[in-house]
Amino acid sequence: MSLSPKSTKPRRKKVPKALAVIDADNCTGCESCREICPVDCIVKIEQYADTPGLGAWCEVDWDQCIGCKLCIRIPSKKSDAHVLQVCPWEAIEMVPVPGLVAAAGRMTGPEDFVAANRQRLLAAARRQVAHKAAAGGRAPGE
Ligand code: SF4
Ligand code: SF4
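Residues numbered from 1 in each chain as written. Chains lettered and ligands numbered in written order. Predicted model: local features only at pLDDT ≥ 70, side-chain atom pairs only at ≥ 80, totals over all residues.

Novice: Help me out: how do you make sense of unusual backbone geometry in this one?
Specialist: Across residues other than glycine, the phi torsion is negative in most instances, and most of the peptide bonds are trans. The phi dihedral of D40 is positive, around 55°, even though this residue is not glycine. Positive phi, close to 70°, is recorded for K69, a residue that is not glycine. Position of K69 among the secondary structure elements: in the loop between β4 (57-60) and β5 (92-96). Residue classification places K69 among the partly exposed residues on the basis of 15 C-beta atoms within 10 Å. (Helix = DSSP H or I, 4+ residues; strand = E, 2+ residues; numbered from the N terminus. Buried ≥ 20, exposed ≤ 12 C-beta atoms within 10 Å, placed from the backbone.)

As structure tokens, then:
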């Protein structure tokens, strides 16, 4: 399995209230969300190096996500009932930053990938909580 290299230094001036989280078990790796993300923070993970796309899925780089929600739906007028949903499988949700550590703990995907990457994701989640708390003057998790 391959994961694109990711920065651990936030590019944002501040951490948004909520960040996008992808449920790997529901994601098909179609890349619709990647095409629309304005900061290019959605990473495609290939399960098999010799068969790109097969069993692939995507993950959000929480250090870069600006919380714009564009990967969930295209904005439209409030009166428009037909809002364009980006992910065909409803695999993306916006998780408030204090809930990110729990979301990381529920990480989905192939067992070996989860085992190898859970700590990385937990560390990324804790980083967002700490940055957010530092900006707001509160202790992490408050
Ligand atoms: S919320 Fe915005 S910045 Fe974050 S992954 Fe979705 S499109 Fe990208
Ligand atoms: S749009 Fe949905 S299914 Fe497609 S890559 Fe993004 S999260 Fe996965």
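Novice: Which parts of the structure should I look at to understand the site of ligand 2?
Specialist: Around ligand 2, the structure places 14 residues, and the nearest of them are C27, C30, S32, C33 and C87. Its residues assigned to classes, the shell around ligand 2 comprises 10 nonpolar, three polar and one charged. (Near = placed C-beta within 6 Å. Nonpolar A, V, L, I, M, F, W, Y, C, P; charged D, E, K, R; others polar.)

Novice: Which parts of the structure should I look at to understand the site of ligand 1?
Specialist: Around ligand 1, the structure places 13 residues, and the nearest of them are A20, C37, C65, C68 and C71. Across the shell around ligand 1, the residue classes break down as 11 nonpolar, one polar and one charged.

Novice: Got a minute to help me understand the nonpolar core in this structure?
Specialist: Most often, soluble globular proteins have nonpolar side chains that are buried together. Formed by 30 residues in total, the largest nonpolar core has its most connected members in L19, A20, I22, V60 and L100. Broken down by secondary-structure element, the contributors of at least two residues to this core are β2 (18-22), β3 (42-46), β4, β5, α2 (100-105) and α3 (111-136). The residues touching I22, leaving out its near neighbours within four places in the chain, are C27, C58, E59, V60, A91 and I92. (Core = buried A, V, L, I, M, F, W, Y, C linked by C-beta atoms within 7 Å. Contact = placed C-beta atoms within 7 Å.)

Novice: I'm lost on the pairing of β2 in this one. Help?
Specialist: Here is the key point about a regular strand: its side chains alternate between the two faces of the sheet. Taking burial as the measure, the five residues of β2 include four buried ones, the bulk of the element. Of the pairings in the sheet, the one linking β2 to β5 comprises five bridges and is antiparallel in character. In the sheet register, A18 faces β5, and the bridge partner there is P96. (Pairing = 2+ DSSP bridges.)

Novice: Could you clarify how one ought to interpret α3 in this entry?
Specialist: Along an α-helix, residues three or four apart share an orientation, since each turn contains 3.6 residues. Taking 1.5 Å of rise per residue, 26 residues should cover 38 Å, and α3 covers 36 Å from first to last C-alpha, within 8% of that figure. Remark: the principal bend of α3, roughly 50°, maps to N117. Its buried side turned inward, α3 meets β2 and α2. (Expected span 1.5 Å × (residues − 1). Bend = angle between axes of the 7 residues up to and from the residue.)

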